[in-house]
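Each chain, written out:
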Protein chains: 2
Amino acid sequence: MEPGDLERQGLRLTRQRRELLEVLRRSPGMLTAEELHRRVAQRQPAVSLSTIYRNLDILTEAGLVCKVEIGDGFARYELRRTEGHHHHLVCVRCGRSESIHCPVTGIEELFGRRGFQVTGHRFVVYGYCPACRDSAGTGPASDGPPGTRAPDRDG
Amino acid sequence: MEPGDLERQGLRLTRQRRELLEVLRRSPGMLTAEELHRRVAQRQPAVSLSTIYRNLDILTEAGLVCKVEIGDGFARYELRRTEGHHHHLVCVRCGRSESIHCPVTGIEELFGRRGFQVTGHRFVVYGYCPACRDSAGTGPASDGPPGTRAPDRDG
DNA sequence: ATAAATGCAAAAAATTTGCAACTCA
DNA sequence: TGAGTTGCAAATTTTTTGCATTTAT
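Given the structure is predicted, the values throughout are model-derived calculations rather than measurements.

Engineer: I'd like to hear about the environment of A:Leu89, residue by residue, with values.
Structural biologist: Looking at the secondary structure, you find A:Leu89 in strand 4 (residues 87-91). Given the relative accessible area of 1%, A:Leu89 is considered buried. Sequence separation between A:Leu89 and A:Tyr126 is 37 residues; the distance between their C-alpha atoms is 6.0 Å. Other than its neighbours up to four places away in sequence, A:Leu89 contacts A:Arg96, A:Ser97, A:Glu98, A:Ile100, A:Val125, B:Phe111, B:Arg114 and B:Phe116.

Engineer: Just give me the short version of the interface of chain B and chain A, but keep the residues and values in it.
Structural biologist: Between chain B and chain A, the residue contacts involve 44 residues of the former and 43 residues of the latter. Regarding the contact of chain B and chain A, the summed buried area is about 4000 Å², with carbon and sulfur atoms giving 54% of it. Here chain B and chain A share 2 salt bridges between them. Residue B:Glu98 pairs with A:Arg114 through a salt bridge whose shortest N-O separation is 3.2 Å. There are 10 residue pairs in polar contact (both at pLDDT 80 or more) connecting chain B and chain A. The element best represented in the side of chain B that touches chain A is strand 6 (residues 117-128) of chain B, accounting for 12 residues.

Engineer: Explain the relation of the copies chain B and chain A to me, using residue names and the numbers behind them.
Structural biologist: Relating one copy of the chain to the other takes a rotation about an axis and a shift parallel to that axis. For these two chains of identical sequence, chain B goes onto chain A by a turn of 180° and a shift of 0.0 Å along the axis, with RMSD 0.1 Å. Read as a symmetry element, the transformation amounts to a two-fold axis. When each C-alpha of chain B is compared by its distance to the rotation axis, B:Phe123 comes out closest, at 2.2 Å. Most of the interface of chain B is mirrored in chain A, where 98% of its interface residues are also at the interface.

Engineer: I'd like a rundown of the protein's contact with DNA strand C, residues and numbers included.
Structural biologist: The environment of DNA strand C is made up of 23 residues, and the closest members are A:Tyr53, B:Arg12, B:Thr14, B:Arg17 and B:Thr51. By atom count, sugar and phosphate contribute 64% of the portion of DNA strand C lying within 4 Å of the protein. Taking B:Ala46, its main chain carries an N or O atom lying 2.9 Å from a phosphate oxygen of DNA strand C. Backbone polar atom of B:Val47 to a phosphate oxygen of DNA strand C: 3.4 Å apart, as the coordinates give it. Sorting the residues of the surface near DNA strand C by element identifies helix 4 (49-61) of chain A together with helix 2 (15-25) and helix 4 (49-61) of chain B as the ones contributing at least two each.

Engineer: Would you mind going over the UniProt feature "binding site: Fe cation" (unreviewed entry) in chain A in detail, with residue names and values included?
Structural biologist: Residues and elements named next belong to chain A. Using the residue numbers shown here, the UniProt feature "binding site: Fe cation" (unreviewed entry) corresponds to His85 and His121. Structurally, His121 is set in strand 6 (residues 117-128). Taking relative accessible area as the criterion, His121 reaches 5% and is therefore assigned buried. In this structure the side chain of His121 is engaged in a polar contact, spanning 3.1 Å, whose partner is the side chain of His87.

Criteria and thresholds
- Residues numbered from 1 in each chain as written.
- Chains lettered and ligands numbered in written order.
- Predicted model: local features only at pLDDT ≥ 70, side-chain atom pairs only at ≥ 80, totals over all residues.
- Heavy atoms only, no water.
- Helix = DSSP H or I, 4+ residues; strand = E, 2+ residues; numbered from the N terminus.
- Buried < 20%, exposed > 50% of the residue type's maximum accessible area, 1.4 Å probe, protein only.
- Contact = heavy atoms within 4.5 Å.
- Buried area = accessible area lost by both parts, 1.4 Å probe.
- Salt bridge = Lys/Arg side-chain N within 4 Å of Asp/Glu carboxyl O.
- Polar contact = N/O pair within 3.5 Å; in protein donor to acceptor, adjacent residues only side chain to side chain.
- Least-squares fit on C-alpha atoms with pLDDT ≥ 70 in both.
- Near = heavy atom within 4 Å.
- UniProt positions renumbered as here; feature names shortened; annotations may be inferred.

Below, the structure is given as structure tokens:
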């Protein structure tokens with residue numbers, strides 16, 4: 001997260017990359033590559049979408065960014081803010097999400113008993129955020145993601 | 001799941017659709033559209049991939065099939081066998097998965113307290129299945145999914 | 001008979017990649 | 001200076017769609 005982290009890995013802090021990191025830093029939720037591109041382009045108008053994708057890959061690889069696919073066809077990214085893992089609360093109406101901490105424990109043991117060696121897990125909760133719940137039926141309540149269709153889910 | 005269910009919805013039981021349902025019926029895990037296509041094509045050689053996709057959509061819509069995206073770019077499908085919702089245990093090596101029941105409760109209340117109206121959730125556990133754990137390092141242990149790369153995950 | 005379903009090929013849509021030009025360290 | 005980066009355009013990859021033809025009922 002410090003510029004030094006980048007340098008240590010032989011990565012350069014270019015204008016585009018710096019602005020991408022700043023956009024990520026000031027975004028509380030997860031954003032799609034398109035959204036990030038739009039926001040980065042506000043200050044670096046010539047930035048290309050492929051640069052955004054490439055940097056997101058690089059930063060994910062470097063461990064600074066966390067990529068999640070919630071199942072609607074758009075990968076989302078956010079700054080990795082905590083060391084531990086976390087999960088997501090996703091609004092099916094405006095598409096915004098927030099991090100939540102993991103409400104499940106003992107997974108390794110539970111499935112290890114069946115001979116399954118657990119390496120990780122993901123937990124996503126879908127629903128209506130306070131804003132969207134209140135303004136139900138009046139059209140998307142924001143400059144949310146592109147065409148956010150409710151992802152498939154059980155429950 | 002009964003042929004009658006299809007008829008009731010004005011759907012015809014074509015050769016291709018019947019074979020797709022049979023393939024799904026005898027598959028314990030989730031399969032990608034490609035895999036289903038390959039398997040259906042064993043008995044209905046002329047079946048096209050778009051027919052598979054179209055039928056999967058239709059059957060999902062009809063509630064007979066359940067579609068899940070685990071985050072590696074391939075949507076997976078399986079027969080909806082139980083009424084209640086369920087989750088998945090996914091092998092990051094061979095890509096196969098099995099259903100597990102939900103180990104989390106009280107989600108509605110937990111997030112409802114924050115003003116978030118929960119409509120559903122998804123829980124996916126990643127790791128090595130017994131077969132892949134034992135044969136580690138000897139190449140994929142099966143006719144698993146296409147290029148199964150480990151999905152991104154926390155944990 | 002006829003509405004639904006199919007196959008094919010072309011279209012979409014998200015993401016990746018090749019390459020020459022550029023730029024940060 | 002020169003290896004890492006970028007922009008652009010073209011390519012990939014999964015899934016969807018248009019349309020003429022076939023088929024289940």
